[in-house]
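Chain residues, written in single-letter form:
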Amino acid sequence: MNIIILGYGKMGKIISEIAEERGHTIVAKITSDNRAQLDNLDGSSVDVAIEFSQPESAVDNLSWAINQGIPVVCGTTGWLEHKHEVEQLTLSKGGAFFYASNFSIGVNIFFKVNRYLAKLMDEQHDYAIRMEEIHHTEKKDAPSGTAITLAEDIINKIDRAKRWNLDTESVENGHNILISAKRIDKVPGTHTVTYSSETDDIEIKHTAHSRKGFALGAVLVSEWIKNRKGILSMDDFLSF
Ligand SMILES: NC(=O)C1=CN([C@@H]2O[C@H](COP(=O)(O)OP(=O)(O)OC[C@H]3O[C@@H](n4cnc5c(N)ncnc54)[C@H](O)[C@@H]3O)[C@@H](O)[C@H]2O)C=CC1
Ligand SMILES: O=C(O)C1=N[C@H](C(=O)O)C[C@H](O)C1
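Notes on the structure in this doc start here. None of these values were measured; they are calculated from a predicted model. (Residues numbered from 1 in each chain as written. Chains lettered and ligands numbered in written order. Predicted model: local features only at pLDDT ≥ 70, side-chain atom pairs only at ≥ 80, totals over all residues.)

1. Here's the deal with the site of ligand 2
The immediate surroundings of ligand 2 are formed by T77, S101, N102, H135, K139, S144, G145, T146, G189 and F214. Classifying every residue of the shell around ligand 2 by side-chain character gives one nonpolar, eight polar and one charged. Formed jointly, the shell around ligand 2 draws a minimum of three residues from each of two domains, domain 1 (2-103 + 212-237) and domain 2 (105-207). (Near = placed C-beta within 6 Å. Nonpolar A, V, L, I, M, F, W, Y, C, P; charged D, E, K, R; others polar. Domains from an automatic or database assignment.)

Written out as structure tokens, the structure reads:
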């Protein structure tokens, strides 16, 4: 496959290495410095675009790929207030758009465990819900996209959980999910969900040891999306 990398940073570099090891060709590696290349690039020879850039550049990059008729796989977090626009553009162009806050298989298993635990905790009103995410100090957005997915999945399962808040923000009632976002040098990504009562705590945790799991997931999805259309997610891709 011919792949274009939109955002050749920490993730884009590992994704490119894994894609090349799997026999794919990287036709362009786009950064903030060489983005003008896209003006002259003929998208007809590109099979898939992989977008891991920054919150403020995701919409332009995704729109470029969709307008070129290139299926696009997006891992950039922190831009989701514009997701609906991108989905509408995809549908109007008959394209393919895949977003995941986290492409690692381990995290997607963790998402499933989180949903199951939340279902059990719906009736357990004595437990407060909180979350912690830890990432490297270069991360632009907080809380992480993964923490937002975890919180939204809990809100969908637990009646008393109405919304999430960063723990630095004001909280209007005792039933919100409090998220603590910590930034520590080089940490690839750690997420913990805790239910606390006076008598005990129940905790689930996922720790990424490197970025490899995220990158491999993105390449596998890119192979899978090549001949597909529509708005797609990990629920469509995974068989568990
Ligand atoms: N969904 C997932 O599984 C994962 C998502 N991420 C997300 O991916 C994104 C990228 O993460 P990193 O690679 O760590 O960031 P990074 O800062 O190392 O790389 C970002 C790259 O985007 C480029 N860029 C900036 N503006 C651009 C533009 N207008 N057009 C094209 N490229 C542009 C920068 O030059 C840089 O090369 C972040 O939003 C992060 O949260 C990171 C890891 C896993
Ligand atoms: O910026 C990162 O590094 C990561 N971002 C994603 C997120 O915001 O959840 C996924 C992963 O945790 C690494």
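2. Topic: the sheet that holds strand β3 (residues 48-51)
The sheet built from six strands is open, its strands ordered β2-β1-β3-β4-β5-β11 with parallel pairing. Looking at the sheet topology across the chains shown, the edges are occupied by β2 (25-30) and β11 (230-232). Here the strands of the sheet are splayed against their neighbours by 20 degrees on average, with no regard to which way each runs. Pairing of strand β1 (residues 2-6) with β2, which is carried by five bridges, proceeds in the parallel orientation. Bridging across to β2, L6 finds its partner in I30. In the packing of helix α1 (residues 10-21) onto the sheet, contacts are made with β1, β2 and β3, and the angle to β2 comes to roughly 170 degrees. (Pairing = 2+ DSSP bridges. Helix = DSSP H or I, 4+ residues; strand = E, 2+ residues; numbered from the N terminus. Axes fitted to C-alpha atoms, helices over the stretch in contact; angles between N-to-C directions. Contact = placed C-beta atoms within 7 Å.)

3. Some thoughts on the site of ligand 1
Taken together, the neighbourhood of ligand 1 is formed by 26 residues, with G9, M11, T31, S57 and G75 sitting nearest. The greatest single-element share of the shell around ligand 1, amounting to three residues, is contributed by α1. Split into classes, the residues belonging to the shell around ligand 1 amount to eight nonpolar, 15 polar and three charged.

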